[in-house]
Amino acid sequence: MADQYDLIVIGAGPGGYVAAIRAAQLGLKTAIVEREHMAGICSNWGCIPTKALLRTAEVYGHMAHAKDYGLMAEQFGFDLDAIVKRSRGIAAQMNNGVQFLMKKNKVDIIWGEAVLTSPTEIKVAPTKKAIVQPQGPIPKNALGEGTYKAKNIIIATGARPRVLPGIEPDGEKIWTYFEAMKPAKFPKSLVIMGSGAIGMEFASFYRSLGAEVTVVELLPTILPVEDAEIAAHVKKRFEKRGIKIITDAKVSKVEKTKDGIVAHIEPKTGEKSQIAADALISAVGVQCNSENLGLEALGVKIDRGAISIDHYGRTNVPSIWAIGDVAGPPMLAHKAEHEAVITVETIAGLKGVHGLNKLQVPGCTYCEPQIASVGLTEAKAKEAGREIKVGRFPFVGNGKAIALGEPEGLVKTIFDAKTGELLGAHMVGAEVTELIQGFVVAMGLETTEEDLMHTIFPHPTLSETMKESVLDAYGRALNI
């Protein structure tokens, strides 16, 4: 007889494990299915271990400029194996942490691959296909293959790197982010396809350690989802660091050679060219893991690979829900976690649950310089027909930024000219990924420009740039 649960979650990434925990907190008998590794791509191969790599690059960069701080560090280098080992160790710690949380919250772990046989039943089999990366340790006391029933099922199976035909990763010379995180040897030169967050972070990391890096972007500008002014600032900073950027162009072909690769660059206008490098990183986005789950047979609506949901995680089939990357953009771990709580609280029948507002989902890129944003860009606000006021404040006008030796940066705020509503905030510079939450909270509380102007920001902090940008939107900036 099949085991009966109130909720089964398929996928133990940030969205899945948070859903399981919240369900357990609300008294629901809960199980979670995972085929590969607890904590998902984010903690094992994405968000967390990449930040470990980028922290190493940041420290290394400071060492290279030690004399600017009155310090001496004339002989220094790096140990690639030790860098990778530290990153992988942090990933393992996160994996073990999620296993502990499942045990703490009395969530059953089911190990294997799940297929829905009805809207309230799954069959779990041992993982059939080879997993791209080594499987994490199977949790002790995990359940295995069998049939399991639940009143509700949440799909949280995430996404994987998108692969372009003819440029398939081979793990040696053509990489996805998996291989880029644990290279067998340090590449002296790299071509990176794609200038989104993943591409820019790896470009920043490898350049900081001395690699020659070329970024190729199909669209006219890098960082396509960011405000154009911020993207232009980043492009200038990257080029100043020696990173070559080619926009409005595609990699039409990649030839493998004895020493590496030759990337054939085809611009929309102008002459074709070739770039030789040790390796190529394909960072052209991700695709949803919505296949092989039995969803089509049950009539679950899927749009371009993403499971269609409403603001509460509902699919068109009662009792089947979806959250995170598999439900489409923005494909961010914190969005998945927030969706998880919304969806579980809706399943549990809690009153006053707020549906997801995608305009209030912040985006962060942890390259050098850091980038953070929330809400509408200036272009999007104008496209929406909004009459706007725009404020800007450069880091060079901030005492803390100068003291840190980080005077290059910008905060940009966009307000509705009639109501004072904060429509968007866009930041580039030191630690802006930690600062953006102030604007996210402001938007969530429906704060106006007056509220922000009357807020006291501590001195000296980088956060003062936020208030100054608000003041500038209304002609009241004080320190520039």
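It should be emphasised that the depicted structure is a prediction, and the values quoted were computed from it without experimental measurement.

Points about the state of the cysteines
Scanning all chains against the criterion turns up one disulfide. Between the sulfur atoms of Cys42 and its disulfide mate Cys47 the distance is 2.4 Å. With the S-S bond torsion at -130 degrees, the cross-link from Cys42 to Cys47 turns out left-handed. In this structure Cys42 comes out as buried when scored by relative accessible area, which is 12%. Cysteine Cys288 remains unbridged, with the sulfur of Cys47 as its closest cysteine sulfur at 16 Å. Unpaired in terms of disulfides, Cys367 finds its nearest cysteine sulfur in Cys364, a separation of 11 Å.

Points about helix α11 (residues 432–444)
The end-to-end C-alpha distance of α11, which contains 13 residues, comes to 19 Å, matching closely the 18 Å that a straight helix rising 1.5 Å per residue would cover. The complete set of buried residues in α11 reads Val432, Thr433, Leu435, Ile436, Phe439, Val440, Ala442 and Met443. When α11 is viewed along its axis, its buried side chains cluster within an angular range of 160 degrees and face the same direction. Taken together, the buried residues of α11 touch β20 (363–365), β21 (371–375), β23 (410–416), β24 (422–428), α12 (449–453) and α13 (464–473). The positive-phi residue at the C-terminal boundary of α11 is Glu446, with phi of around 55 degrees.

Considering helix α3 (residues 47–64)
The terminal C-alpha atoms of α3, which comprises 18 residues, lie 26 Å apart, in line with the 26 Å expected from a rise of 1.5 Å per residue. Listing the buried residues of α3 in full gives Pro49, Thr50, Ala52, Leu53, Leu54, Thr56, Ala57 and Tyr60. Taken together, the buried residues of α3 touch α2 (40–45), α4 (80–104), α5 (177–181) and α6 (197–208).

Some points on the nonpolar core
Ranked by internal contacts, the top residues of the largest apolar core, which has 40 residues, are Tyr206 and Val234. Of all elements in the fold, only α3, α4, α5, β9 (189–193), α6, β10 (212–216), α7 (228–240) and β15 (279–282) reach the threshold of two or more residues within this core. With five residues, α6 is the single largest residue contributor to this core.

Looking at the sheet that holds β9
Taken in spatial order, the five strands make up an open sheet running β8-β15-β9-β10-β11, and their pairing is parallel. Every other strand in the sheet has two partners, leaving β8 (174–175) and β11 (244–246) as the edge strands with one partner each. Lying over the sheet, α6 contacts β8, β9, β10 and β15, oriented at roughly 165 degrees with respect to β10.

Notes on the packing of aromatic side chains
A ring pair, where both rings are aromatic, is described by two values, the distance of the centres and the angle of the planes. One pass over the full model with this rule turns up 10 aromatic pairs. Measuring from centroid to centroid gives 5.6 Å for Trp45 and Phe178, while their planes differ by 75 degrees, and the two rings are edge-to-face. Residue Trp45 is found in helix α2, and its partner Phe178 is found in helix α5; the two are separated by 133 residues along the sequence. Residue Trp45 is classed as buried on the basis of its relative accessible area, which comes to 5%.

Quick word on the packing of helix α1 (residues 14–25) against helix α8 (residues 333–347)
Orientation of α1 relative to α8, taken along the N-to-C sense of each, is 30 degrees, at an axis distance of 8 Å. Classed by the angle they form, the pair α1 and α8 counts as roughly parallel. Seen along the crossing, α1 lies across α8 with a hand that is right-handed. Mapping the contact onto sequence places Pro14, Gly15, Tyr17, Val18, Ala19, Arg22 and Ala23 in α1 and Ala333, Ala336, Glu337, Ala340, Val341, Val344 and Glu345 in α8. Class assignment for the residues of the contact of α1 with α8 results in 10 nonpolar, one polar and three charged.

Description of empty space enclosed by the protein
Leftover empty space is mapped by rolling, across the atoms, a probe with the size of a water molecule. Evaluation of the coordinates by the stated rule reveals two cavities of 30 Å³ or more. Looking at the largest cavity, its volume works out to about 40 Å³. In terms of lining residues, the largest cavity is bounded by Thr50, Leu53, Leu54, Glu201, Phe202 and Phe205. Those elements that place two or more of their residues in the lining of the largest cavity are α3 and α6. Among the residues making up the lining of the largest cavity, the classes are represented as four nonpolar, one polar and one charged. Looking at the second largest cavity, its volume works out to about 30 Å³. Taken together, Pro161, Thr176, Tyr177, Ile198, Ser282, Ala283, Val284 and Gly285 form the lining of the second largest cavity. Partitioned by chemical class, the residues of the lining of the second largest cavity number five nonpolar, three polar and no charged.

Re the packing of α3 against α6
Here α3 crosses α6 at 40 degrees, and the two axes come no closer than 9 Å. Between α3 and α6, the angle falls in the class oblique. Two packed elements cross with a definite hand, and for α3 against α6 that hand is left-handed. On α6, the residues that touch Thr50, Lys51, Leu53, Leu54, Ala57 and Tyr60 of α3 are Glu201, Phe202, Phe205 and Ser208. The residue makeup of the contact of α3 with α6, split by class, is six nonpolar, two polar and two charged.

Describing the sheet that holds β20
Ordered in space as β20-β21-β24-β23-β22, the five strands form an open sheet in which the pairing is antiparallel. Every other strand in the sheet has two partners, leaving β20 and β22 (388–394) as the edge strands with one partner each. Averaged over all neighbouring strand pairs, the angle between strand axes comes to 10 degrees, with direction disregarded. As paired strands, β20 and β21 are joined by three bridges and run antiparallel to one another. Considered in β21, the bridge of Gly363 is made with Ser373.

Considering the pattern of salt bridges
For the structure shown, the criterion picks out 27 salt bridges. Residues Lys382 and Glu378 are paired through a salt bridge, measuring 3.1 Å at the closest nitrogen-oxygen approach. Highlighted residues: Lys382 and Glu378, both in helix α9 (residues 378–383), separated by four residues, approximately one helical turn. Ionic contacts of the salt-bridge type, sharing partners, join the residues Asp227, Glu229, Glu378, Lys382, Arg392 and Lys412 into one network.

Criteria and cut-off values
Residues numbered from 1 in each chain as written. Predicted model: local features only at pLDDT ≥ 70, side-chain atom pairs only at ≥ 80, totals over all residues. Heavy atoms only, no water. Disulfide = S-S within 2.5 Å. Buried < 20%, exposed > 50% of the residue type's maximum accessible area, 1.4 Å probe, protein only. Helix = DSSP H or I, 4+ residues; strand = E, 2+ residues; numbered from the N terminus. Expected span 1.5 Å × (residues − 1). Arc of directions from axis to C-beta. Contact = heavy atoms within 4.5 Å. Core = buried A, V, L, I, M, F, W, Y, C linked by side-chain atoms within 4.5 Å. Pairing = 2+ DSSP bridges. Axes fitted to C-alpha atoms, helices over the stretch in contact; angles between N-to-C directions. Phe/Tyr/Trp six-rings, centres within 6.5 Å; stacked < 30°, edge-to-face > 60°. Parallel < 35°, antiparallel > 145°, perpendicular 65-115°, else oblique. Left-handed = near helix turned anticlockwise from the far one by under 90°. Nonpolar A, V, L, I, M, F, W, Y, C, P; charged D, E, K, R; others polar. 1 Å grid on protein atoms, 1.4 Å probe; cavity = no way out; pocket = protein on both sides within 12 Å on 5 of 7 lines; lining within 4 Å. Points joined across faces, edges and corners; volume = space filled by probe spheres on them. Salt bridge = Lys/Arg side-chain N within 4 Å of Asp/Glu carboxyl O.

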